[in-house]
Structure formats: structure tokens, C-alpha cells
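Residues per chain, in single letters:
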Amino acid sequence: MHPNRRRSTARAIAIAKTEDAGRQTLILAVSVTMAAATGLAFLVHAFSLI
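Residues numbered from 1 in each chain as written. Predicted model: local features only at pLDDT ≥ 70, side-chain atom pairs only at ≥ 80, totals over all residues. Heavy atoms only, no water.

Visitor: Sorry if this is basic, but what is going on with the overall build of the chain here?
Guide: Secondary structure summary: the chain contains one helix and zero strands in total. C-alpha extents for the chain along the principal axes are approximately 70 × 10 × 5 Å. Of the roughly 4600 Å² of accessible surface on the chain, a fraction of 71% belongs to carbon and sulfur atoms. (Helix = DSSP H or I, 4+ residues; strand = E, 2+ residues; numbered from the N terminus. Areas by Shrake-Rupley, 256 points an atom, 1.4 Å probe, with all protein chains shown as cover.)

Visitor: When you look at the pattern of salt bridges in this model, what are you seeing that I'm missing?
Guide: Side chains that differ in sign of charge can pair as their charged atoms come close. What the rule picks out here adds up to one salt bridge. Its salt-bridge partner being D20, residue R23 comes within 3.7 Å of it at the nearest N-O pair. Here the residue R23 and the residue D20 both occupy positions in helix α1 (residues 3-49), the gap between them amounting to three residues, near one helical turn. A relative accessible area of 35% means that D20 is categorised as partly exposed. (Salt bridge = Lys/Arg side-chain N within 4 Å of Asp/Glu carboxyl O. Buried < 20%, exposed > 50% of the residue type's maximum accessible area, 1.4 Å probe, protein only.)

Visitor: I would appreciate a short explanation of a nonpolar patch on the surface in the present structure.
Guide: A grouping of L26, V30 and M34 is seen on the molecular surface, where their side chains present a nonpolar patch of about 320 Å² in accessible area. Tracing the chain through its elements places M34 in helix α1. (Patch = residues over 30% accessible without salt bridge, like charges linked within 9 Å, V, L, I, M, F, W, Y side chains within 5 Å.)

Visitor: Is there a simple way to explain the environment of M34 in this structure?
Guide: With relative accessibility at 54%, the residue M34 sits in the exposed group. Residues M34 and V44, spaced ten residues apart in sequence, show a C-alpha to C-alpha distance of 15 Å.

Structural data, given as C-alpha cells:
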């Protein structure tokens, strides 16, 4: 195998891992935002009952 080709393969794998990490971070951010919005709505609802 040509060393240049191996380097580009390693780079492709690194890029794929970075994109995957970015996607997981995005999913985490969305789920945290949704949880915060749900909690806020619950608090507003609870206070409106008082």
C-alpha cells in the first residue's frame, strides 16, 4: 500500500469520527434544550395552578 493512500484513509477516518462527535454533540444539545423547555413549561403550569 502506498503511504500517501494510507495517510488519506487515516484522514478520512478522522474526519468521520469528528463528524460523528459533532452529530452526537448536536443530539445532546437538542435533547437538553427539549428537557429544559419541558421543565420550564411544567414550572409555568405548576405556578399557574397556585
